Amino acid sequence: MGRYRDEYRRALTDPAAFWAEQAEHLRWERRWDRVLDDRAAPAYRWFSGARLNICYNALDRHVEDGRAEQAALIYDSPVTGTIQTYTYRALRDAVARFAGALRAQGVQTGDRVVIYMPMVPEAVIAMLACARIGAIHSVVFGGFAAPELAKRIDDARPVLVVCASCGIEPGRTVAYKPLLDQAIALASHTPARCIVLQRPQLAAELTPGRDLDWNEVMAAATPADCVSMAATDPLYVLYTSGTTGKPKGVVRDHGGHAVALHYSMRAVYDARPGETFWAASDVGWVVGHSYIVYAPLLLGATTVLYEGKPVGTPDAGAFWRVIAQHRVRTFFTAPTALRAIKKEDPQGEWLKRHDIGCLRALFLAGERSDPDTIRWAQTMLAVPVVDHWWQTELGWAAIANCRGLEPMPVKPGSATVPVPGFDLRVLDADGKPQRPGEIGNLVLKLPLPPGTLLTLWNNEQGYRDAYLSRYPGYYLTGDAGYVDEDGYVWIMSRIDDIINVAGHRLSTGAMEEVLAGHPDVAECAVIGVADALKGQLPVGLVVLKAGVNRPHAEIEQELIARVREQIGAVAAFKRAIIVQRLPKTRSGKVLRATMRAIADGVPYTVPPTIDDPRILDEIAAALKP
Ligand code: COA
Ligand code: AMP
């Protein structure tokens, strides 16, 4: 572990010198007074006093430095039959124009702009345009339903929303604009303006006095220049699932974020300027923010924006076609996508039709990578398959096999080692360090490196309560795991009620709130049960109020529809089971972990505090597929 160990040690022993060195890769308008500002610890800040613009560093800088005609973004959309390339110059010009359009609508530095769009170039353009004028973007994933969008609108209080008329899912067109209208009606905050991208597949009706057509505002706009931002200013708010129905608004800064992402492209991914980098995620998730939009562009690479699925658009060779066609060198996806391909094409027949010799490595994150999937991908693709671990809060990988520093042997099932900057520890319930092989809570010693969350939007106390209070001086990841004798980290499970469905992070607490809102429901519990394709799937166990005697099947269908309408299709909530009672401890705590073990068919011990052990047999019978 020569180069890796050396860099890891340097990043922790002298973080200021280490990160100042990494910051030299970017262009600053004013240099920092302090690299690591610990004056308000535990609210650490990076590069205080410095000024820059991240959009300038992602676009204009490359245009000025000779990359103007290089492809910056390739939009590949099998669902619309479109492939469109933006050079750095073209992307810079489009972003500057849309930034001017935002300005013309009164958007000021520090204002929030919500972006609710499918995987179209205009989503990326809108994000970078916000960054250009110092507005704070908040992208909401298109698979969320109107009430979830409303929650985010109420928390972020945007002056303007950018939306598309529709998204295209296999077999159906999803009308986004009516969802936005519904969300605005539900929300107590009302944005002054909505800019709507009309897609040819389904035009939206515009609300007079509020809605504007994307093309019209672009045509009328004067391009806007980059504004100077403090490195510590907020760049974006991205909501993620917590343990309750209220999403958490993760706040990212301009300066530290740019430095960390640029560093990660070289150290973790071994990516170089001019190469093609493809993260098959969605701009609504953190992977999309970091590795579809900001990081590849900060590096001067070409990024791919893919509007499609791993299978069915049109076939299980879709990913391999994109890799071959755009000469993708580094590819990043979620294990669930590989499992979907493996299920349809176990022998790799579709793969044989495409020459993916350009590919150097495959990176997986978002959920646990099961060893079978890793081994299948290793055999099929004949490139290193690298599992790496991170979270929305962290913004970039905290545990990885750093291909750009020193590739290490892959141990399928382990995310490898902590990335330079992340001081990972495993603690027991009392805060005592665990020995190698002993499972405990994964925590990161403060300060976190640049690029990680500053706070939660409008909720500094919530940030401290959720992440910093459990072990003072440490950030609580919410994951449990262990470190083995070789220093490899093994992620085992979440310690809270967050589940991971097809790489999407969801809150069972939020689903329980929705089920509990049904008039016939007395109480309920939602658990994540193992699923061979999506990793986990939510299952709701519901007890009805006394006296309700409608057919159970009817109520179960209503509950399924309710979660889809209130949280979204992405929750993949397809199983609600009515039971007589829920297993509880004598103090009334629902035994979710025990039910999960029953559903997964794994051994469990009956908790000694259980109120009535006979209920477990009833639950086991109800959970039978
Ligand atoms: N807008 C509207 N609806 C969306 C959506 C979007 N942006 N994204 C997903 N949905 C809908 C889907 O249409 C589906 O609806 P359905 O219940 O009517 O079928 C539902 O949400 C669940 O979607 P998804 O999780 O994508 O599952 P799927 O069954 O359509 O496809 C996989 C299965 C494995 C192919 C798919 O989950 C996949 O590609 N996952 C990759 C995950 C990923 O990249 N995650 C990012 C983490 S880094
Ligand atoms: P998100 O914030 O959506 O990126 O989800 C973060 C959570 O997903 C983590 O806290 C983990 O529980 C899980 N996760 C992400 N990457 C991995 C991985 N490589 N291995 C295991 N779990 C992961």
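Residues numbered from 1 in each chain as written. Chains lettered and ligands numbered in written order. Predicted model: local features only at pLDDT ≥ 70, side-chain atom pairs only at ≥ 80, totals over all residues. Heavy atoms only, no water.

- Naming follows an unreviewed UniProt entry, where the protein appears as Propionyl-CoA synthetase of Fontimonas thermophila.
- UniProt lists a comment for the protein under the heading Sequence similarities (unreviewed entry), and it reads "Belongs to the ATP-dependent AMP-binding enzyme family." (UniProt positions renumbered as here; feature names shortened; annotations may be inferred.)

1. As for the overall build of the protein
Working step 1: Looking only at helices and strands, one finds 18 helices and 31 strands in the protein.
Working step 2: Since a compact globule built from 625 residues should have a radius of gyration of about 25 Å, the 24 Å found for the protein is in line with a globular shape.
Working step 3: Based on the C-alpha atoms only, the size of the protein along its principal axes is roughly 70 × 60 × 55 Å.
Working step 4: In the protein, which comprises 625 residues, the share counted as buried stands at 61%.
Working step 5: Partitioning the intrachain contacts of the protein with sequence separation of at least 6 by distance along the chain shows that 70% fall at a separation of at least 24.
Working step 6: For the protein, the accessible area works out to roughly 23200 Å², and carbon and sulfur atoms hold 50% of it.
Working step 7: Looking at charge distribution, the protein has the averaged site of its 69 positive side-chain charges lying 1 Å from that of its 70 negative ones. (Helix = DSSP H or I, 4+ residues; strand = E, 2+ residues; numbered from the N terminus. Rg over C-alpha atoms; globule rule 2.2 N^0.38 Å. Buried < 20%, exposed > 50% of the residue type's maximum accessible area, 1.4 Å probe, protein only. Contact = heavy atoms within 4.5 Å. Areas by Shrake-Rupley, 256 points an atom, 1.4 Å probe, with all protein chains shown as cover. Lys, Arg positive; Asp, Glu negative; His and termini not counted. Charge placed at Lys NZ, Arg CZ, Asp CG, Glu CD.)

2. With respect to the site of ligand 1
Working step 1: Among the 24 residues in the neighbourhood of ligand 1, the closest are listed as Glu-169, Arg-172, Lys-309, Lys-534 and Arg-564.
Working step 2: Lys-534 places a side-chain nitrogen or oxygen 3.0 Å from an oxygen atom of ligand 1.
Working step 3: One of the backbone N or O atoms of Val-570 is found 3.4 Å from an oxygen atom in ligand 1.
Working step 4: Within the complex, 83% of the 930 Å² of free accessible area of ligand 1 lies under protein.
Working step 5: Those elements giving two or more residues to the shell around ligand 1 turn out to be strand 10 (172-175) and helix 12 (335-344).
Working step 6: Each residue belonging to the shell around ligand 1 can be placed in one class, and the counts come to 12 nonpolar, six polar and six charged. (Near = heavy atom within 4 Å. Polar contact = N/O pair within 3.5 Å; in protein donor to acceptor, adjacent residues only side chain to side chain. Nonpolar A, V, L, I, M, F, W, Y, C, P; charged D, E, K, R; others polar.)

3. Quick notes on the packing of helix 3 (residues 54-67) against helix 5 (residues 121-133)
Working step 1: With their axes 7 Å apart at the nearest point, helix 3 and helix 5 run at an angle of 120 degrees to one another. Considering how the two elements wind past one another, helix 3 and helix 5 form a crossing that is left-handed. Judged by residue contacts, Ile-54, Cys-55, Leu-59 and Asp-60 of helix 3 engage Leu-128, Ala-131 and Arg-132 from helix 5.
Working step 2: Within the contact of helix 3 with helix 5, the residues separate by chemical class into five nonpolar, no polar and two charged. (Axes fitted to C-alpha atoms, helices over the stretch in contact; angles between N-to-C directions. Left-handed = near helix turned anticlockwise from the far one by under 90°.)

4. Comments concerning the site of ligand 2
Working step 1: Taken together, 14 residues surround ligand 2, and among them Asp-387, Thr-392, Asp-479, Arg-494 and Arg-505 come closest.
Working step 2: In this structure, Gly-366 approaches ligand 2 through a main-chain N or O atom, which is 3.1 Å from a nitrogen atom.
Working step 3: Taking Gln-391, its side chain carries an N or O atom lying 3.0 Å from an oxygen atom of ligand 2.
Working step 4: If ligand 2 stood free it would expose 490 Å²; the protein chains cover 92% of that surface.
Working step 5: Across the shell around ligand 2, the residue classes tally to three nonpolar, five polar and six charged.

5. Thoughts on helix 9 (residues 255-267)
Working step 1: Counted at 1.5 Å a residue, the expected span for helix 9 with its 13 residues is 18 Å, and the 18 Å between its end C-alpha atoms agrees.
Working step 2: In terms of burial, helix 9 is a largely internal element, 12 of the 13 residues being buried.
Working step 3: Among all positions of helix 9, only Gly-255, Gly-256, His-257, Ala-258, Val-259, Ala-260, Leu-261, His-262, Tyr-263, Ser-264, Met-265 and Ala-267 are buried. (Expected span 1.5 Å × (residues − 1).)

6. Examining unusual backbone geometry
Working step 1: Pro-314 follows Thr-313 through a cis peptide bond whose omega is 0 degrees.
Working step 2: Examined against the element boundaries, Pro-314 turns out to sit in the loop between strand 17 (302-306) and helix 11 (318-325).
Working step 3: Backbone torsion omega between Leu-446 and Pro-447 reads 0 degrees, so that peptide bond is classified as cis.
Working step 4: Following the sequence through the fold, Pro-447 ends up in the loop between strand 24 (440-445) and helix 14 (460-468).

7. Overview of the domain arrangement of the protein
Much of the literature gives interface size as the accessible area that the parts lose upon coming together.
Working step 1: Taken domain by domain, the protein comprises domain 1 (2-308 + 388-464) and domain 2 (498-622).
Working step 2: The C-alpha-based centres of domain 1 and domain 2 are spaced at 34 Å.
Working step 3: Between domain 1 and domain 2, the contact holds 18 residues from the first and 15 residues from the second.
Working step 4: With both chains or domains summed, domain 1 and domain 2 bury close to 1200 Å², and 50% of this area falls on carbon and sulfur atoms. (Domains from an automatic or database assignment. Buried area = accessible area lost by both parts, 1.4 Å probe.)

8. Here's the deal with the UniProt feature "domain: AMP-dependent synthetase/ligase" (unreviewed entry) in the protein
Working step 1: In this numbering, the UniProt entry assigns the feature "domain: AMP-dependent synthetase/ligase" (unreviewed entry) to residues 67-445.
Working step 2: Summarising residues 67-445: 31% helix, 25% strand, and an end-to-end C-alpha distance of 39 Å.

9. Side note on the pattern of salt bridges
Working step 1: The full count for this structure, using the stated rule, is 44 salt bridges.
Working step 2: Where Arg-9 meets Asp-6, a salt bridge forms, and the shortest distance between an N and an O atom there is 2.9 Å. On the criterion of helical spacing, the pair formed by Arg-9 and Asp-6 is a turn pair, its members being three residues apart in helix 1 (residues 2-13).
Working step 3: Its relative accessible area of 45% is what places Arg-9 among the partly exposed residues.
Working step 4: Taking the relative accessible area as the measure of exposure, Asp-6 reaches 34% and is therefore partly exposed.
Working step 5: Each member of the salt-bridge network shares a partner with another, and the members are Lys-177, Asp-181, Arg-210 and Asp-211. (Salt bridge = Lys/Arg side-chain N within 4 Å of Asp/Glu carboxyl O.)

10. Section: the packing of helix 2 (residues 15-23) against helix 9
Working step 1: Relative orientation of the contacting elements helix 2 and helix 9 amounts to 80 degrees, with a least axis distance of 9 Å. As the angle between them shows, helix 2 and helix 9 are arranged roughly perpendicular. Residue-level inspection shows Phe-18, Trp-19, Gln-22 and Ala-23 of helix 2 in contact with helix 9, the latter providing Val-259, Ala-260, Tyr-263 and Arg-266.
Working step 2: Of the residues that constitute the contact of helix 2 with helix 9, the class distribution is six nonpolar, one polar and one charged. (Parallel < 35°, antiparallel > 145°, perpendicular 65-115°, else oblique.)

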